[in-house]
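Per-entry structural report
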Amino acid sequence: MRQKPLEDADEEHLVRRTAKGDRAAFEELYRRTSPWLVVRLRRRCADEQVVAEVMQETYLAVWRAAGSFAGAATGGTAVGWMWTIAARRLVDAFRRRAHHAQPPLAVAMALDVAPVPAAEDQALAATVGDEVGDALRDLAPELRAVLQAMVLDGLTVRETAVLLGLPEGTVKTRARRARIAMREALS
């Protein structure tokens with residue numbers, strides 16, 4: 001059976017070919033996914049060295065674990081699977097560096113610097129219904145950040161706490177406040 005040309009293959013197919021040791025498929029997967037992945041990581045971490053390390057660790061993990069990707073059979077996507085790997089690697093990087101400095105987002109929040117909306121936030125707002133989009137936009141930035149990490153990125157309370165440089169109790173409180181605010185806005 002003849003395989004699709006790499007240019008015509010979707011990301012899931014590229015991951016499956018990578019699992020079989022296909023270097024060309026892995027290189028094509030990297031070419032397609034690395035630009036958006038680095039942008040998402042930079043939105044969460046201003047330290048270019050950390051972002052570079054996380055990118056390297058992510059793609060090494062993808063190469064090694066491509067065979068474990070369940071894909072559409074479990075309702076997942078290849079890019080979602082890769083983002084989960086990257087987000088967890090970023091949390092690990094913050095943990096490793098926690099004794100040296102605060103996570104960059106915590107520093108920005110302490111300086112009261114307003115973050116620029118991420119492309120993914122803008123895309124989400126454009127695809128979500130008017131009421132839900134308005135409710136998301138109306139959330140306080142600190143509540144929206146927790147909601148994004150836990151719901152959109154699928155991080156645990158502990159991972160969200162490390163990512164945002166907050167105590168776990170604060171993450172739980174903000175998640176609860178965000179749910180209440182969304183419920184009230186949509187009722």
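Residues numbered from 1 in each chain as written. Predicted model: local features only at pLDDT ≥ 70, side-chain atom pairs only at ≥ 80, totals over all residues. Heavy atoms only, no water.

Now for the overall build of the chain. A count of helical and extended segments in the chain gives 10 helices and 0 strands. Helices and strands in the chain line up, N terminus first, as α-α-α-α-α-α-α-α-α-α. Each of the 187 residues in the chain was classed as buried or not, and the buried ones make up 36%. In the chain, of all internal contacts separated by at least 6 residues, the share reaching a separation of at least 24 is 63%. Accessible surface, the chain: about 10,900 Å² in total, of which carbon and sulfur atoms supply 55%. (Helix = DSSP H or I, 4+ residues; strand = E, 2+ residues; numbered from the N terminus. Buried < 20%, exposed > 50% of the residue type's maximum accessible area, 1.4 Å probe, protein only. Contact = heavy atoms within 4.5 Å. Areas by Shrake-Rupley, 256 points an atom, 1.4 Å probe, with all protein chains shown as cover.)

Tallied over the entire structure, the rule returns 7 salt bridges. Residue arginine 16 is joined to glutamate 12 by a salt bridge in which the shortest nitrogen-to-oxygen separation is 3.0 Å. A residue pair is termed a helical-turn pair when its members lie 3 or 4 positions apart in one helix, as arginine 16 and glutamate 12 do in helix α1 (residues 11-19) at 4 residues. Note that arginine 31 and glutamate 28 form a salt bridge whose closest N and O atoms lie 2.5 Å from each other. Residue arginine 31 and its partner glutamate 28 are located together in helix α2 (residues 23-44), separated by 3 residues, close to a single helical turn. (Salt bridge = Lys/Arg side-chain N within 4 Å of Asp/Glu carboxyl O.)

This part is about the nonpolar core. Within the largest apolar cluster, 34 residues are counted, with the highest numbers of intra-cluster contacts made by Leu41 and Leu90. For this core, the secondary structure elements donating two or more residues are α1, α2, α3 (48-65) and α4 (78-97). Among the elements that make up this core, the one with the highest residue count is α4 (11 residues). Contact partners of leucine 90, with chain neighbours within four places excluded, come to Leu41, Arg44, Cys45, Val50, Val54 and Leu163. (Core = buried A, V, L, I, M, F, W, Y, C linked by side-chain atoms within 4.5 Å.)

So, on to the packing of α2 against α3. Running from N to C, α2 and α3 point in directions that differ by 145 degrees, and their axes come no closer than 10 Å. The crossing of α2 and α3 is right-handed. On α3, the residues touching Arg23, Phe26, Leu29, Tyr30, Thr33, Ser34, Leu37, Val38, Leu41 and Arg42 of α2 are Glu48, Val51, Val54, Met55, Thr58, Tyr59, Val62 and Trp63. Broken down by class, the residue content of the contact of α2 with α3 amounts to 12 nonpolar, 3 polar and 3 charged. (Axes fitted to C-alpha atoms, helices over the stretch in contact; angles between N-to-C directions. Left-handed = near helix turned anticlockwise from the far one by under 90°. Nonpolar A, V, L, I, M, F, W, Y, C, P; charged D, E, K, R; others polar.)

Locating glycine 76 in the fold gives a position in the loop between α3 and α4. For glycine 76, a relative accessible area of 26% translates into the label partly exposed. Between the C-alpha atom of glycine 76 and that of glutamate 12, which follows or precedes it by 64 residues, the distance is 9.6 Å.

Moving on: helix α10 (residues 168-186). Compared with an ideal rise of 1.5 Å per residue, which puts 19 residues at 27 Å, α10 spans 27 Å between its outermost C-alpha atoms and is within 8% of the ideal. Taken residue by residue, α10 has Val171, Arg174, Ala175, Ala178 and Met182 as its buried positions. Buried positions in α10, seen along its axis, are confined to an arc of 105 degrees and lie on one side of it. Away from its buried face by more than 90 degrees, α10 exposes Arg176, Arg183 and Glu184. (Expected span 1.5 Å × (residues − 1). Arc of directions from axis to C-beta.)

Between two packed helices, both the angle of their axes relative to each other and the distance between the axes serve to describe the pair. In contact at an axis separation of 11 Å, α2 and α4 are set at 45 degrees when each is read in the N-to-C sense. Between α2 and α4, the angle is such that the two are oblique. Relative to α4, the crossing made by α2 is right-handed. Taken together, the residues of α4 that come into contact with α2 (itself represented by Leu29, Thr33, Trp36, Leu37, Arg40, Leu41 and Arg44) are Val79, Met82, Trp83, Ala86, Leu90 and Phe94. (Parallel < 35°, antiparallel > 145°, perpendicular 65-115°, else oblique.)

Before going further, it helps to examine the environment of threonine 84. Within the secondary structure, threonine 84 sits in helix α4. Counting along the chain gives 70 residues from threonine 84 to glycine 154, while the straight-line C-alpha distance between them is 7.4 Å. A distance of 2.9 Å separates the side chain of threonine 84 from the backbone oxygen of glycine 80, its partner in a polar contact. (Polar contact = N/O pair within 3.5 Å; in protein donor to acceptor, adjacent residues only side chain to side chain.)

Purely spatial values, then, with no claim about function.
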